Amino acid sequence: MAKYRLLLSIFIFSSFLYAQPCPLPEHPRPDFERERWVNLNGFWSFEFDAENRGIAEQWQIGEKSFSRQINVPFPWGSPLSGVSDETVIGWYQRKVQIPEKWRGERVFLIIGAADWQTTGWLGEQEIGSFQGGYTPFEFEITDAIQWGEEQRI
């Protein structure tokens, strides 16, 4: 069974997010820092998927209510995440709003690390998949953005 685990920081360049407490608020890579970026560390809705049924039940469309909150960038199983280690598949969800005035800019979701397999959606649109262990990767989300509207990652 493939593992889905976000482990480190998650960021969006050129985007806007509602204010909330943010652990590790500094930019993780000063050599890549841009003028406009948002640190998405903090609390995300979270759900384990021990039976690997999330895709079949279309959890990505946002109708399922996740029962937990997880503190990103800390992986489940770590005390700082607030979520114990119960299984190998987990779903994260959070809302973002990218302003209309930024239309024309390229926007990326950058994930600092994940263990084994990660698939991302913005709204109901799949934005990419990644396989690998504990390495950073990114999805360009520019074409999936509904400018100025709230969307789910």
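Scroll up a little and you will see the structure.
Residues numbered from 1 in each chain as written. Predicted model: local features only at pLDDT ≥ 70, side-chain atom pairs only at ≥ 80, totals over all residues. Heavy atoms only, no water.

J.: Could you clarify how one ought to interpret the overall build of the protein in this entry?
T.: Counting its secondary structure elements, the protein contains 0 helices and 11 strands. Listing each helix as α and each strand as β along the protein from the N terminus yields β-β-β-β-β-β-β-β-β-β-β. Per-residue burial over the protein gives 51% buried out of 153 residues. Taking the contacts inside the protein whose residues are at least 6 apart along the sequence as the reference set, 66% of them involve residues at least 24 apart. When the accessible area of the protein is evaluated, it comes to approximately 8100 Å², of which 50% is carbon and sulfur surface. (Helix = DSSP H or I, 4+ residues; strand = E, 2+ residues; numbered from the N terminus. Buried < 20%, exposed > 50% of the residue type's maximum accessible area, 1.4 Å probe, protein only. Contact = heavy atoms within 4.5 Å. Areas by Shrake-Rupley, 256 points an atom, 1.4 Å probe, with all protein chains shown as cover.)

J.: Sorry if this is basic, but what is going on with the packing of aromatic side chains here?
T.: When we look at a pair of aromatic rings, we describe it by the centre distance and by the angle of the planes. By the definition in use, this model includes 11 aromatic pairs. Joined through ring pairs, the aromatic side chains of Trp44, Phe46, Phe48, Trp76 and Tyr92 make up one cluster. Note that lysine 64 overlies the ring of tryptophan 59, its terminal NZ or CZ placed 4.8 Å from the centroid. (Phe/Tyr/Trp six-rings, centres within 6.5 Å; stacked < 30°, edge-to-face > 60°. Lys NZ or Arg CZ within 6 Å of the ring centre and 35° of its normal.)

J.: Just checking my understanding: could you explain the environment of arginine 152 for this structure?
T.: Inspection of the secondary structure assignment puts arginine 152 in strand β11 (residues 150-152). Measuring from C-alpha to C-alpha, the distance between arginine 152 and glycine 123 comes to 4.9 Å, with 29 residues separating the pair along the chain. Excluding residues within four positions of it along the chain, arginine 152 makes contact with Gln60, Ile61, Gly62, Gln93, Arg94, Lys95, Trp121, Leu122, Gly123 and Glu124. A polar side-chain atom of arginine 152 sits 3.0 Å from the main-chain carbonyl oxygen of glutamine 60. In this structure the side chain of arginine 152 is engaged in a polar contact, spanning 2.7 Å, whose partner is the backbone oxygen of isoleucine 61. (Polar contact = N/O pair within 3.5 Å; in protein donor to acceptor, adjacent residues only side chain to side chain.)

J.: Looking at this structure, I do not really get the pairing of strand β9 (residues 125-133). What am I missing?
T.: On a regular strand, each side chain points to the face opposite its neighbour's, so the side chains alternate between the two faces of the sheet. In terms of strand pairing, strand β8 (residues 115-122) meets β9 through 8 bridges, oriented antiparallel. Counterpart to glycine 120 in the pairing with β9 is glycine 128. Two successive antiparallel strands, β8 and β9, enclose a turn made up of 2 residues, where glycine 123 displays a positive phi of approximately 65°. (Pairing = 2+ DSSP bridges.)

J.: What should I look at first to understand unusual backbone geometry in this one?
T.: It is generally the case that most residues other than glycine have a negative phi and that most peptide bonds are trans. Despite not being glycine, asparagine 52 shows a phi value in the positive range, around 50°. Along the chain, asparagine 52 falls in the loop between β3 (42-48) and β4 (68-72). Residue classification places asparagine 52 among the partly exposed residues on the basis of a relative accessible area of 40%. Even without glycine at this site, glutamine 58 takes up a positive phi of about 55°.

J.: Teacher, can you tell me more about the pairing of strand β5 (residues 90-93) here?
T.: The alternating pattern of β5 places Gly90 and Tyr92 and Trp91 and Gln93 on opposite faces, both of which are buried. When β3 meets β5, the two strands line up antiparallel, connected through 4 bridges. Directly across from glutamate 47, in β5, lies its bridge partner tryptophan 91.

J.: What should I look at first to understand the sheet that holds β5 in this one?
T.: Strand pairing in a sheet relies on backbone hydrogen bonds, with the paired strands running either antiparallel or parallel. The sheet built from 3 strands is open, its strands ordered β4-β3-β5 with antiparallel pairing. With one partner strand each, in any of the chains shown, β4 and β5 form the two edges of the open sheet. For this sheet the average axis-to-axis angle between neighbouring strands, irrespective of direction, equals 45°. (Axes fitted to C-alpha atoms, helices over the stretch in contact; angles between N-to-C directions.)

J.: Explain the pattern of salt bridges to me, please; I cannot follow it from the model alone.
T.: In the structure shown here, the tally under the stated rule is 6 salt bridges. Across the salt bridge formed by arginine 68 and glutamate 86, the nearest N and O atoms sit 2.8 Å from each other. A residue pair is termed long-range when its members are at least 10 positions apart, and arginine 68 in strand β4 and glutamate 86 in the loop between β4 and β5 qualify at 18 residues. Looking at arginine 68, the relative accessible area reads 27%, which means it is partly exposed. For lysine 95, the salt bridge goes to glutamate 150, with nearest N and O atoms at 3.7 Å. One end of the pair, lysine 95, is in strand β6 (residues 95-97); the other, glutamate 150, is in strand β11, and 55 residues separate them in sequence. One connected set of salt bridges, linked through shared partners, spans Glu51, Arg53 and Glu57. (Salt bridge = Lys/Arg side-chain N within 4 Å of Asp/Glu carboxyl O.)

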